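# Chains, contacts and geometry: an overview
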Amino acid sequence: LSVGRAVLAALRGRLGALCWSLAPLPLPLPLPLPLPLPGWRDSTPPQQEQEWDETPPTPTSVNYHFTRQCNYKCGFCFHTAKTSFVLPLEEAKRGLAMLKEAGMEKINFSGGEPFIQDRGEFVGKLVQFCKQELELPSVSIVSNGSLIRKQWFEKYGEYLDILAISCDSFDEDVNVLIGRRQGKKNHVENLHKLRQWCREYAVAFKINSVINRFNVEEDMNEQIKALNPVRWKVFQCLLIEGENSGEDALREAEKFVISDEDFDRFLDRHKDVSCLVPESNQKMRDSYLILDEYMRFLNCRNGRKEPSKSILDVGVEAAIKFSGFDEKMFLKRGGKYVWSKADMKLDW
């Protein structure tokens, strides 16, 4: 009997995989899928096998961290280089098409550093695919900017809506303390060069800053107004167990953490910057849909990044139910905005 049950279980799993690939609509119950992706190490924790919510959220805006590799060593990074795995290009495109079918309107490519893979060709081809083939309203990239070349804009700039460059300080000594530097390249000088290229190639320019113990007293009003980004996203330094905090983490971000009061003081100092978009830890933790390098949604509700099954194995609807995504907070924090450069009516 035990042998018979094992055989039936195996058959049921393989039948489940076949049904997921053939059915036009997702099946109502999760079925075990025995065949993982190449390079896969299934680390889905036991608590993922919970009862699903009745109505899954729509993946309107998705952040795809397709690589964990980076040439910087920012001390508070919460998506660290635990693996070097990157999906084959065609598999990544297949997953993006599935997300579009499920309702995705905006895709943001991130890392790690997205321009480290094939010298930017990998992310360039994904950007072109999402804009040209999938016809997504918004395609964006978050980068530290150090590896971007003008030739990339010449080839792929027309397909990119927004380029967000991470800049936490306009003081190079502070950038060194944070780890946002490689060699002798000046991060701030490079930021201004990228700003000019965005103007030349009609790409909306955005700045992301993580406020932490080393920059919390800085006054950035003059520099931000001069750069005039469409948005200045200001994040509070966030701890994620296993990424930048805890015994098995590759970073020790505890020394970067600031209090809510410190964060509020920084925001008050910059309240006259019209493009400022503040995001506290409370707003940030559960209001982003994050896909990792295996196209698994990452649930941060318990202070860790707990992965779902890959959308390539079980489909978007089945995977997203384990994402921990707070759709109401996503809307409350202004997650949906004018994000297509065609609608921004910018004076390039």
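What counts as what
- Numbering of residues begins from 1 in every chain and follows the order in which that chain's sequence is written.
- Residue-level local features of this predicted model are given only where pLDDT is at least 70; pairs of side-chain atoms are given and counted only at 80 or more, and the full residue set underlies all totals for whole chains, interfaces and linings.
- With hydrogens and water stripped out, all remaining heavy atoms of the structure feed into the side-chain values.
- Three labels apply to residues, based on accessible area from a 1.4 Å probe with only protein chains included: buried if under 20% of the type maximum, exposed if over 50%, partly exposed otherwise in between.
- For the purposes of this entry, the term helix denotes a DSSP run of H or I that reaches at least four residues, the term strand denotes a run of E that reaches at least two, and both are numbered from the N terminus.
- Here, a strand pair is defined by DSSP locating no fewer than two bridges between the strands.
- Residues are said to line a cavity or pocket when one of their atoms sits within 4 Å of a point; the points come from a 1 Å grid over protein atoms alone, cavities being sets where a 1.4 Å probe fits but cannot get out and pockets being open sets with protein on both sides within 12 Å along at least five of seven lines.
- Grid points are joined across faces, edges and corners, and a volume is the space filled by probe spheres set on the points.
- Each residue is assigned to one class: nonpolar for Ala, Val, Leu, Ile, Met, Phe, Trp, Tyr, Cys and Pro, charged for Asp, Glu, Lys and Arg, and polar for all the others, Gly among them.
- The nonpolar core is taken to be a set of buried Ala, Val, Leu, Ile, Met, Phe, Trp, Tyr and Cys residues, with the residues joined through side-chain atoms within 4.5 Å.
- The score called pLDDT rates the predictor's confidence residue by residue, from a low of 0 to a high of 100.
- In what follows, a contact means two residues having at least one pair of non-hydrogen atoms within 4.5 Å.
- Nonpolar side chains (Val, Leu, Ile, Met, Phe, Trp, Tyr) are joined into patches within 5 Å and like charges within 9 Å, using only residues with over 30% relative accessible area and no salt bridge.
- Only the protein chains shown count as cover for residues, with accessible areas throughout obtained via the Shrake-Rupley method and a probe of 1.4 Å.
- Here a salt bridge means any side-chain nitrogen of Lys or Arg lying within 4 Å of a carboxyl oxygen belonging to Asp or Glu.
- Neither His nor the chain ends contribute to the count of charged residues, in which Lys and Arg are positive and Asp and Glu negative.
- The location of each charge is read from NZ of Lys, CZ of Arg, CG of Asp or CD of Glu.

## Some thoughts on the pairing of strand 9 (residues 296–299)
- Burial along strand 9 is two-sided: the face carrying R296 and L298 and the face carrying F297 and N299 are both buried.
- Here three bridges tie strand 9 to strand 10 (residues 306–310), and the two strands are oriented antiparallel to one another. Its bridge partner lying in strand 10, R296 is registered against S310.
- The turn linking strand 9 back onto strand 10 is made up of six residues, and G303 within it adopts a positive phi angle of 80°.

## Concerning the layout of surface pockets
- Taken as a whole, the largest pocket spans an internal volume of roughly 920 Å³.
- Every residue lining the largest pocket is counted, 49 residues in all, and those nearest its centre are H65, F78, S110, V142 and N208.
- Those elements that place two or more of their residues in the lining of the largest pocket are strand 1 (61–65), strand 2 (106–110), strand 3 (138–143), strand 4 (162–166), strand 5 (204–211) and strand 6 (231–236).
- The element best represented in the lining of the largest pocket is strand 5, accounting for four residues.
- A breakdown of the residues in the lining of the largest pocket according to their chemical character gives 20 nonpolar, 17 polar and 12 charged.

## Considering the nonpolar core
- Counting 69 residues, the largest nonpolar core has Y64, L96, I107, F109 and W232 as the members making the most contacts within it.
- Of all hydrophobic cores here, the second largest spans 16 residues; its members include F76, L238, F256 and M284.

## Some details on the confidence of the model for the protein
- Per-residue confidence for the protein gives a mean pLDDT of 86, with 84% of residues at or over 70.
- Contacts from residues 12–53, a stretch scored under 50 in pLDDT, to residues over four places away or in other chains number 60 contacts.

## Some details on a negative patch on the surface
- Among the surface-exposed residues, E241, E247, E252 and E254 lie close enough to one another that they form a single negatively charged patch.
- Within the secondary structure layout, E247 lies in the loop between strand 6 and helix 8 (260–269).

## Some points on the pattern of salt bridges
- For the coordinates displayed, the defined rule picks out 17 salt bridges.
- Between R94 and E91 there is a salt bridge, and its shortest N-O distance comes to 3.0 Å. One end of the pair is R94 and the other is E91, both in helix 2 (residues 89–101) and three residues apart, which spans about a single turn.
- Residue class for E91 comes out partly exposed when judged on its relative accessible area of 25%.
- For K131, the salt bridge identified is with D161, shortest N-O distance 2.7 Å. Linking K131 in helix 3 (residues 121–133) with D161 in the loop between helix 4 (150–156) and strand 4, this pair joins segments that are 30 residues apart in sequence.
- Salt bridges here are not isolated pairs; linked through shared partners, they connect E217, D262, R265 and R269.

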